[in-house]
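A structural walkthrough
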Amino acid sequence: MTPRRSAGVVRWVQWAGELIADVRYAHRSLAKSPGFTWMGVAMLAIGVGANTAMFGIVEALFLRQPSGVRNAEELIRLYIVRDEGMLQTPRGSGGSYADYRTFRDRVTGLTGTAAFLDIEQFDMGGGNDARQVSGQVVSGNFFALLGVAMAVGRPFQLDEDITVGSPPVAILSHQLWQNQFGGNAAVIGRSLAINGQNLVVVGVAEAEFRGIGPVNVDVWVPMAMAAPLGVMLEAGGDWRERPFTAAVNFIARLGPAVGLQIVTSQASAALAQAAVPELDPTPRVFVGSLVAASGPSRTDAAKLSLWLFAMTGMILVIVCANLANLFLARSTARRREMATRLALGASPGRVVRQVLAESLVMSFLGTAVGLLLVLSGALVTMRFPLPPGVGRLNGRMLGFALFVAILSGAIPALVSALSAIRSQPGRWLGESRTATPPRRGGRRSVLVIVQIALSAILLMGAALFIRSTQRLASVNPGMDVKQVLVTSMSLVRAGYQPLSRRAVYDAARDRLRQIPGVEQVALTHFAPLEGLRYSTEIQVAGQPVAFEENPFVNWVGAGYFETVGTALLRGRGIAEEDRYGSQPVVVVNEALTRKLAPIGDVIGLCLAIPSQMTKGACAQVVGIVQNQRSTFLDAEIVPMIYLAYDQHPKASAFIDGYILVRTREDASATAEQVRAALRNLQPDLPYVTVEPLRDRLQPESLHFRLGALLFTAFGVIALAVAAMGVYSIVSYFVSERRPELAIRQALGATSADIVGLVVRQSMLPVATGTIIGLAVAYAGGGLIEALLFEVPGRDLQSCGVAAALLGAVSLLASIGPAWRGASVAPIVAMRGE
């Protein structure tokens, strides 16, 4: 071994020995101050746990590339912007199959382009064996472009995506293959009934690949099967030849050394050359990551996750400020010890390193507790429809947690150590203990102001989301959402003709009425709360009535309003005698009644509906019902007409209806009985979907509930950590001014006077921080207003709630140490000095 290498080994051994000694010293030092240690660990656990949990959600939504994809960094998504013409997508979206062919054949900067449709629910099997699986329609080169290998079988071939309906093939996910077919390789070549079509299984994807989005896919089929499976409507021709659609999504693989700007220029130029005159003549293309959340179709839950991640960052800043206060207090208490060590020859670097060793030991303890909080928090996050794996620890989350813990622990410790070394430590050995220490009150007050300001912002956000959920709970949808089940079967997709469908509906109604606990059963064309689907012109004979917009229409069966719990205000609803061939009838809602008010009494009017009736015919208004919301969060109530389902069979000739069931108790308790009663009506009946009407509100209200829950949790955390900060600064204030307070008491000040003095001075930075934080939150309220429901982002009531909470908690945190300082006898305090 050379002398230079030998010296290097000696230095490494010496460094390792010093490190071990520093860690042992840190352990002993922390053990002597359990209060300081556990308060620091608790704050680090809160900061690390909250930030790691939210990072896990953001990482899953925005950073996690699909597994099983070869060289995913080379893959991009293409989005088309059309802002004029008949089809407008100004924020960017998908396009048509013709656009896919343009990208595939004319953009030279790409080595390949594939297309796919959004994930659908497919019916697999029939009767008692029917089940729903998630399916996706993809182009023939989809798996080849992604580089996804097959566990067994083969991927799609290009010629399987040319002729509509031929050949009918499918690829299964590895998970479905294992769960449904026991991992038997004999599934290759087997025929499966999917959406009423027999498809031959040609391959099983490898286990790692579950799709390119946050939702797992069970079955893939080629584009040629989209129409036969009912995913896309033919409407008189091959849907792939229609340019006026934005249903097709695009992924592409970049060519070697090709920049994104070149690709977007080539793609935009290719689309412009191939443009249909009625379409935007100057379409533009932009690219995004393979991860869908980075594109224009970002969900409200994804947007909310970014806000929440920013909020946890504020909690981390609060934790750092509080830790800085703790370490400053600790360095003040240990100033004589540090001065002694420096006087005995310890270098400033060694002293700083020992303080950092304490912070690192504390950081690792805080990280361990924080990760336990993350694991327990996974039980909460898994309640929401977030990507698979959210809440489960992975290597990236562990690395993030360690980075956050070390950073948040080391910076405050380093600041306090350097502050102690630079404060002329020799004076602490040469002067008496009664000497006035260098003032750190200003620095501490600034840290408290920062904590309180950030806490105010978080509490303001929590108050806004809580008010949103309260407003949401007070919404009257015009129906009963707790006692209604929505039942559907994809009979059209399964090949049932209108008469056969009607026979199934009649048999289903008869069977459902025999179930104990079922009060009402009714048919409807459109399900409640699924949005406005169809508007139509109406005319009143001899009466000029002008509508800014045509009213919307639904076709409902006998007992519909009684079933959904919509109040009948006048007249009657749709009855059993309202059948085909009888006098057409119509029921109108309150909003339409107000539009028709200038005519007079609405009951008995005869409304001509040209789209539904022959010339000269009309439907008599027989009832008025309360307004129903078309979707739960729609603030606007629009005019509606309800036609008798049986009087207009053409309206349901190509569309499945819904069977609504009203139960005596909560609908969820009867759902399985309803499904069991219906699934064996026919041997080949497709899967029967039974869903409580209340569950249809979940997607719309998810981000409000998630925001209220997590903003409140983070607000409470911030409030607790800020209270710790106020408590620590008041404790330090009292300990540093104990001689002064003793003199005041000796001169006649009462305990109440001392407590009042301390509280008033300690609440000054609290008031300052509250004002700053609420001012910032109020100014930026418009940024979050889009995520709120009927609550302004600049809401004075929420400001008041946040200010009151901060003031009350800070006051309680300051009274304790103030009272302890006032309760010490003056002679004892002076003797201690």
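1. Things to note about a nonpolar patch on the surface
Residues Leu360, Phe364, Leu402 and Ile406 make up a contiguous nonpolar surface patch of about 310 Å² in total accessible area. Breaking the nonpolar patch down by element, the ones donating at least two residues are helix 9 (348-381) and helix 10 (395-422). Among the secondary structure elements, phenylalanine 364 is positioned in helix 9. Here phenylalanine 364 falls in the partly exposed class, since its relative accessible area comes to 46%.

2. Re the state of the cysteines
Under the criterion given, the structure shown has one disulfide. Paired by a disulfide, cysteine 606 and cysteine 618 hold their sulfur atoms 1.8 Å apart. Sign of the S-S torsion, about 75 degrees for the bond between cysteine 606 and cysteine 618, identifies this disulfide as right-handed. Residue cysteine 606 is located in strand 19 (residues 606-608), and its partner cysteine 618 is located in the loop between strand 19 and strand 20 (619-625); the two are separated by 12 residues in the primary sequence. Accessibility expressed as a relative area gives 22% for cysteine 618, which makes it partly exposed.

3. Section: the pattern of salt bridges
For the structure on display, the rule yields 23 salt bridges. Residue glutamate 576 is joined to arginine 513 by a salt bridge in which the shortest nitrogen-to-oxygen separation is 3.8 Å. One end of the pair, glutamate 576, is in the loop between strand 17 (568-571) and strand 18 (585-589); the other, arginine 513, is in the loop between helix 13 (498-512) and strand 14 (518-524), with 63 residues separating them in the sequence. For glutamate 576, a relative accessible area of 37% gives the class partly exposed. Overall, arginine 513 belongs to the partly exposed group, its relative accessible area being 41%. A salt bridge links aspartate 601 to arginine 570; the shortest N-O distance between them is 3.1 Å. You can see aspartate 601 sitting in the loop between helix 15 (590-596) and strand 19 and its partner arginine 570 sitting in strand 17, a full 31 residues away along the chain.

4. Here we look at unusual backbone geometry
One non-glycine residue, asparagine 71, adopts positive backbone phi at about 50 degrees. Among the secondary structure elements, asparagine 71 is positioned in the loop between helix 2 (34-63) and strand 1 (75-82). For asparagine 195, which is not a glycine, the phi torsion comes out positive at approximately 50 degrees. Within the element layout of this structure, asparagine 195 appears in the loop between strand 8 (191-194) and strand 9 (197-205).

5. Describing the packing of aromatic side chains
Tallied over the entire structure, the rule returns 18 aromatic pairs. Taken together, a centroid distance of 5.8 Å and an interplanar angle of 65 degrees make the contact between phenylalanine 143 and phenylalanine 156 edge-to-face. With phenylalanine 143 in helix 4 (residues 142-146) and phenylalanine 156 in the loop between strand 6 (150-153) and strand 7 (169-172), this pair connects stretches of sequence that are 13 residues apart. Neither residue differs from the other here; phenylalanine 143 and phenylalanine 156 are each classed as buried. Between phenylalanine 209 and tryptophan 220 the ring centres are 5.4 Å apart and the planes differ by 25 degrees, which places this aromatic pair in the stacked class. Residue phenylalanine 209 is located in the loop between strand 9 and strand 10 (219-222), and its partner tryptophan 220 is located in strand 10; the two are separated by 11 residues in the primary sequence. In terms of burial, phenylalanine 209 and tryptophan 220 fall into one category: buried. One aromatic cluster is present, built from ring pairs that chain together Phe116, Phe142, Phe143, Phe156, Phe209 and Trp220.

6. Structural notes on the environment of leucine 529
Examined against the element boundaries, leucine 529 turns out to sit in the loop between strand 14 and strand 15 (539-540). For the pair formed by leucine 529 and serine 630, sequence separation is 101 residues and the distance between their alpha carbons is 5.0 Å.

7. Things to note about the confidence of the model for the protein chain
Interpretation of the predicted coordinates at a detailed level should be avoided for regions scoring low in pLDDT. Mean pLDDT over the protein chain stands at 81; residues scoring 70 or higher make up 84%. Long-range and interchain partners of residues 431-440, a stretch whose pLDDT sits below 50, account for 18 contacts in this model, where long-range means more than four residues apart.

8. Overview of the pairing of strand 13 (residues 484-489)
Looking down a regular strand, the side chains alternate between one sheet face and the other. Burial analysis of strand 13 places five of its six residues in the buried class, which makes it a mostly covered element. Relative to strand 22 (residues 658-663), strand 13 is paired through five bridges, and the arrangement is antiparallel. If you follow valine 484 over to strand 22, its bridge partner there is arginine 662. Where strand 13 meets strand 23 (residues 688-692), five bridges bridge the pair, whose relative direction is antiparallel. Within strand 23, the position partnered with methionine 489 by the bridge is valine 688.

9. Notes on empty space enclosed by the protein
As enumerated under the stated definition, the model contains four cavities of 30 Å³ or more in all. Approximately 170 Å³ is the volume found for the largest cavity. What lines the largest cavity is a set of 19 residues, and nearest its centre among them are Gly531, Leu532, Asn554, Ser630 and Met640. Looking at the lining of the largest cavity, the elements with two or more residues in it are strand 16 (552-556) and strand 21 (640-644). At three residues, the largest contribution of residues to the lining of the largest cavity is made by strand 16. Counted by class, the lining of the largest cavity contains 12 nonpolar, four polar and three charged residues.

10. Points about the nonpolar core
Phe465, Phe711, Phe714 and Val758 are the most contacted members of the largest nonpolar core, which totals 69 residues. When residues of this core are traced back to their parent elements, those giving at least two are helix 2, helix 7 (300-333), helix 12 (441-473), helix 17 (698-736), helix 19 (751-779) and helix 21 (796-823). Looking at this core, the element that brings in the most residues is helix 17, giving 15 residues. With residues near it in sequence (within four places) discarded, phenylalanine 711 still touches Leu304, Leu308, Met311, Leu458, Gly461, Ala462, Phe465, Leu706 and Ile784. Counting residues in hydrophobic clusters, the runner-up holds 46 residues, among them Phe122, Ala170, Phe181 and Met223.

11. Concerning helix 3 (residues 97-106)
Residue pairs three or four apart in sequence face the same way in an α-helix, which turns once every 3.6 residues. For helix 3, the set of buried residues is Tyr97, Asp99, Tyr100, Thr102 and Phe103. Next to the buried residues of helix 3 lie strand 1, strand 3 (110-116), strand 11 (249-254), helix 6 (260-273) and strand 12 (284-289).

12. As for the side chain of histidine 525
Looking at where histidine 525 falls in the secondary structure, it is placed in the loop between strand 14 and strand 15. By relative accessible area, histidine 525 is classed as buried at 2%.

13. Structural notes on the packing of helix 3 against helix 6
Between helix 3 and helix 6, whose axes approach to 10 Å, the crossing angle comes to 125 degrees. Between helix 3 and helix 6, the interaxial angle falls into the category oblique. The chirality of how helix 3 crosses helix 6 is right-handed. Where helix 3 abuts helix 6, its residues Asp99, Thr102, Phe103 and Arg106 lie against Ala267, Ala270, Leu271 and Gln273. Across the contact of helix 3 with helix 6, the residue classes tally to four nonpolar, two polar and two charged.

What counts and what doesn't
- Residues numbered from 1 in each chain as written.
- Predicted model: local features only at pLDDT ≥ 70, side-chain atom pairs only at ≥ 80, totals over all residues.
- Heavy atoms only, no water.
- Patch = residues over 30% accessible without salt bridge, like charges linked within 9 Å, V, L, I, M, F, W, Y side chains within 5 Å.
- Areas by Shrake-Rupley, 256 points an atom, 1.4 Å probe, with all protein chains shown as cover.
- Salt bridge = Lys/Arg side-chain N within 4 Å of Asp/Glu carboxyl O.
- Helix = DSSP H or I, 4+ residues; strand = E, 2+ residues; numbered from the N terminus.
- Buried < 20%, exposed > 50% of the residue type's maximum accessible area, 1.4 Å probe, protein only.
- Disulfide = S-S within 2.5 Å.
- Phe/Tyr/Trp six-rings, centres within 6.5 Å; stacked < 30°, edge-to-face > 60°.
- pLDDT = per-residue confidence, 0-100.
- Contact = heavy atoms within 4.5 Å.
- Pairing = 2+ DSSP bridges.
- 1 Å grid on protein atoms, 1.4 Å probe; cavity = no way out; pocket = protein on both sides within 12 Å on 5 of 7 lines; lining within 4 Å.
- Points joined across faces, edges and corners; volume = space filled by probe spheres on them.
- Nonpolar A, V, L, I, M, F, W, Y, C, P; charged D, E, K, R; others polar.
- Core = buried A, V, L, I, M, F, W, Y, C linked by side-chain atoms within 4.5 Å.
- Axes fitted to C-alpha atoms, helices over the stretch in contact; angles between N-to-C directions.
- Parallel < 35°, antiparallel > 145°, perpendicular 65-115°, else oblique.
- Left-handed = near helix turned anticlockwise from the far one by under 90°.

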